[in-house]
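Structural features, examined
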Amino acid sequence: MCGIVGYIGSRKAAPLLLQGLKRLEYRGYDSAGVAMPGEGGRLWVHKQKGDVAALEAAMGASGDVPPATIGIGHTRWATHGDPSDRNSHPHVSMDGSIALIHNGIIENHAALRIELEEHGYRFMSDTDSEVLVHLIDHLWKQIPFAAFESAIRQALSVVEGAYGVCVVSSREPDMIVVARHGSPIVIGIGEGEYFVASDAAPLVEYTRRAVYLADGEMAVLRRDGFSVQSIGSVKQEAAVVELDIELEEIEKGGYEHFMLKEIFEQPEVMRDVMRGRVLPGEGIIQLGGVSGYLAALRSAPRIHICACGTSWHAGLIGEYLIEEFARIPVEVDYASEFRYRSPLIGPEDVMVVISQSGETADTLAAMRMAKERGATVLGICNVVGSTIARESDCGIYTHAGPEIGVASTKAFSAQVVVLAMLALALGRGRALTEERFGEAVRELHELPGKMRRILERHQEVERIAGEYAGADHALYLGRGYNFPVALEGALKLKEISYVHAEGYPAAEMKHGPIALIDEEMPVVVLAPQDANYRKVRSNIEEVRARGGRVLAVATEGDREIARAADHVFYVPDAAPFIVPLLCVLPLQLLSYHVAALRGCNVDRPRNLAKSVTVE
Ligand code: M6R
């Protein structure tokens, strides 16, 4: 939700800011803007509706981009106020001397706006963020000789809600002030220069050293050094960490879209997520991040899983996995629902939170609620150093590498494998026999090879996509482990191709969705040869009897299904718990190709952002 960048050093800021914004565009692309000192020391601000490429073109055409060596930039995902030039960031004080960019939501903006208007402030936008820049200006004027950062600190102590902010002033031309409460801010440390960003992606081409601001912290950056303090003004120790992202990981590497690259990365990601953890020779699963907690996890009366979107689908598979292998009852909730009911959770319970970004607002809030009630929280995150990763009691990183495509693909597979490893590790100390454990570990080990075999046949999916790209609706059916895959397939299709799609447990079709079936309605059926096969075959017949078109995802060698379905995509035979990881690949490819054929912007679907840091 919104990307923030900043730079202070000796290089020209404008190209660095634009490059940083391009790296963060997956966080929002409704508008973009920059601010930096210009002629006569006055702030030069350029902002407009549209993406960073449009901003770059407009700045180039303007011919007056200042050669400043300090500046800030923003790419927006609209919350308050439509995507428009006037609602773009940076927001600027009335005298033009302060510019601010913000990620998050100022919840008491309406009350603050009224107060500020009474003091004569005129607002230029409909955003919540603009109150902050006027508030800083107002407070700075109230306190004679006060430092810029003091005014910012005071303003932040008045606002309620979430923020990552970055502020500059023409009156303090050699300083950037950043602060965070709920929305991430990372500071990259260079030689005589500092970079600011919402996440590490824009930093890695310039530096490996970084400081992740914690909630309630503020930092002042100058060319010759930086300091971190709490917003309450107490000096903090800045923990410098090494960034472990490679530049290639955040570039398209010859693929047309990040999503396609990320789909194809999955076999390698599977190896990375299991490396050093699944040890088939030794018959063990080693999960360093939870080792001290295994006993508590195994004896939990119940495990709650909370997540949003695709991560929630992974959580549903986690329920099947943990119940099958560890025999511990599991409840899965949307994080947004969990936090607003009266959940029964206490010190004996375990909560597993799953989040690619580690910053999703609802997941974070559900996790904090569980912690307050004394539950042990285990975080499954992809982004190293993210808030959920840091605030969990224990955790397992998915090691999927940066996921840039807004539609989650490789992160999902990595989450499912982490959940499988967790289920097996928990089961090992409970009822799971050595033999079953050994078989499962061998199956995991064979997964990357099986995924590769599927991806080698990607053109088959592309051809099938051509048959279905014109449909405006689709139904996805699956049972058992493959029901969450049906949900995930439907979500993938709707989010990037804007085709309305529904995922259902196959047996539920008869209880309503069957009324939708006609010649226009493609039905994607997950029909691997497992215990539910015969039942799912009957569902296919029911669809066909009503004129529906069926695309089946089936097990290699199943010749029977080829007669029943209009199209079949085969996946290798595997244990039931591995099959969802295979079936999801053709569904990801299908949605990708349908979206591409429909001319949709695959990596940047409308109205979406990668990281949902607002409720
Ligand atoms: O970063 P998270 O895993 O917490 O994100 C959760 C959802 O916002 C995310 O999975 C979303 O549904 C994706 N766009 C799905 O492709």
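If you're wondering where the values come from, they're calculated on a predicted model, not measured in any experiment. Residue positions within a chain follow its written sequence, with the count starting from 1. Restriction of local features to residues with pLDDT of at least 70 applies here, the model being predicted, together with a cutoff of 80 or more for giving and counting side-chain atom pairs; totals for whole chains, interfaces and linings are based on all residues. Side-chain metrics rest on all non-hydrogen atoms present in the structure, leaving aside hydrogens and water.

A few words on the pairing of strand E19 (residues 350-355). Burial status follows relative accessibility: with a 1.4 Å probe on protein chains alone, a residue under 20% of its type maximum counts as buried, one over 50% as exposed, and anything between as partly exposed. Secondary structure counts use DSSP, requiring at least four H or I residues in a row for a helix and at least two E residues in a row for a strand, with both numbered from the N terminus. Among the 6 residues of E19, 6 are classified as buried, and the element is accordingly described as predominantly covered. Of the two faces of E19, the one carrying Val350, Val352 and Ile354 and the one carrying Met351, Val353 and Ser355 are both buried. One ladder, built from 4 bridges, connects strand E17 (residues 303-307) with E19; its direction is parallel. Across the sheet, residue Ile303 finds its bridge partner in E19, namely Val350. Pairing between strands is defined by DSSP: at least two bridges between the two strands are required. Two elements, E19 and strand E20 (residues 376-381), share 6 bridges in a ladder whose sense is parallel. Each residue of the ladder has a partner; that of Val353, found in E20, is Gly379.

This next bit is on the environment of Lys252. Among the secondary structure elements, Lys252 is positioned in the loop between strand E14 (240-242) and helix H6 (258-264). As for Lys252 and Glu262, which are separated by 10 residues in sequence, their C-alpha atoms are 9.0 Å apart. Dropping the residues within four chain positions of it, Lys252 is found in contact with His257, Phe258, Lys261 and Asp603. By definition, residues are in contact when any of their heavy atoms lie within 4.5 Å.

Let's shift gears to the nonpolar core. We call a set of buried Ala, Val, Leu, Ile, Met, Phe, Trp, Tyr and Cys residues a nonpolar core when their side-chain atoms join them within 4.5 Å. Counting 100 residues, the largest nonpolar core has Ile285, Leu321, Val352, Met421, Leu444, Tyr476 and Phe577 as the members making the most contacts within it. The greatest single-element share of this core, amounting to 13 residues, is contributed by helix H13 (residues 410-428). Those residues in contact with Leu444, other than ones at most four positions away along the chain, are Met274, Val278, Ile285, Val417, Ala420, Met421, Leu424, Phe577 and Ile578. If you look at the next biggest cluster of nonpolar residues, it comprises 33 residues, including Ala13, Ala14, Val34 and Ile250.

By the element assignment, Asn539 lies in helix H17 (residues 533-545). Once you skip the residues sitting within four places of it in the chain, Asn539 turns out to touch Arg479, Ala506, Ala507, Met509 and Lys510.

A word on the pattern of salt bridges. One side-chain nitrogen of Lys or Arg within 4 Å of one carboxyl oxygen of Asp or Glu is enough to make a salt bridge. Applying the stated rule across the entire model yields 41 salt bridges. Close ionic contact of Arg171 with Asp137 constitutes a salt bridge, the shortest N to O distance being 3.8 Å. Of the two residues, Arg171 sits in the loop between strand E7 (161-169) and strand E8 (172-181) while Asp137 sits in helix H4 (residues 130-142), which places them 34 residues apart along the sequence. The partly exposed category is assigned to Arg171, whose relative accessible area is 40%. The residue Arg537 makes a salt bridge to Glu560 at a minimum N-O spacing of 2.4 Å. Taken together, the positions of Arg537 in helix H17 and Glu560 in helix H18 (residues 560-564) put the pair 23 residues apart, joining distant regions of the chain. The exposure class of Glu560 is partly exposed, given its relative accessible area of 37%.

Let us look at the layout of surface pockets. Estimated volume of the largest pocket: approximately 870 Å³. A 1.4 Å probe that fits but cannot get out identifies a cavity on a 1 Å grid over protein atoms alone, an open set with protein on both sides within 12 Å along at least five of seven lines counts as a pocket, and a residue lines either if it has an atom within 4 Å of a point. Taken together, 43 residues line the largest pocket, and the ones lying closest to its centre are Ile245, Asn382, Val383, Val384 and Pro402. Secondary-structure elements contributing two or more residues to the lining of the largest pocket are E14 and helix H7 (266-274). Ranked by the residues each element gives to the lining of the largest pocket, the list is headed by H7, at 3 residues. Considering only residue class, the lining of the largest pocket consists of 18 nonpolar, 9 polar and 16 charged. Composition of the lining of the largest pocket by domain shows at least three residues from each of domain 1 (3-243) and domain 2 (250-456). Grid points are joined across faces, edges and corners, and a volume is the space filled by probe spheres set on the points. Here the second largest pocket is characterised by a volume of approximately 520 Å³. Forming the boundary of the second largest pocket are 26 residues, of which Cys308, Gly309, Ala609, Lys610 and Val612 lie nearest the centre. Broken down by secondary-structure element, the contributors of at least two residues to the lining of the second largest pocket are helix H9 (309-325), E19, helix H11 (361-372) and helix H16 (483-497). In terms of residue class, the lining of the second largest pocket is made up of 11 nonpolar, 10 polar and 5 charged. Classification used: nonpolar for Ala, Val, Leu, Ile, Met, Phe, Trp, Tyr, Cys and Pro, charged for Asp, Glu, Lys and Arg, polar for all others including Gly. These domain boundaries are the output of an automatic or database domain assignment.

Right, let's talk about the domain arrangement of the chain for a bit. The domain boundaries assigned to the chain delineate domain 1 (3-243), domain 2 (250-456) and domain 3 (458-615). The straight-line distance from the C-alpha centre of domain 1 to that of domain 3 is 43 Å. Each side of the interface is counted separately: domain 1 has 13 residues, and domain 3 has 10 residues. Buried area adds together the accessible area that both of two parts lose upon being put together, with accessible area traced by a 1.4 Å probe. Interface area for domain 1 against domain 3, summed over the two sides, is near 980 Å², with a carbon-plus-sulfur share of 55%. Counting every contact that joins domain 1 to domain 3 gives 2 salt bridges. Across the side of domain 1 that touches domain 3, the residue classes tally to 5 nonpolar, 5 polar and 3 charged.

A separate point is the site of the ligand. If you check the shell around the ligand, you find 14 residues, and the closest are Ser311, Ser355, Gln356, Thr360 and Glu495. Polar contacts, as used here, are pairs of N or O atoms within 3.5 Å; protein pairs need one atom able to donate a hydrogen and one able to accept it. Residues neighboring in sequence count only if both atoms are side-chain atoms. At a separation of 3.1 Å, an oxygen atom of the ligand approaches a polar backbone atom of Thr310. Within the side chain of Ser355, an N or O atom sits 2.6 Å from an oxygen atom of the ligand. Criterion for pocket placement: a molecule counts as inside a cavity or pocket if more than half of its atoms are within 2 Å of its grid points. The cavity that encloses the ligand is the second largest pocket. It suffices for a single heavy atom of a residue to lie within 4 Å of a molecule or strand for the residue to be listed as near it.

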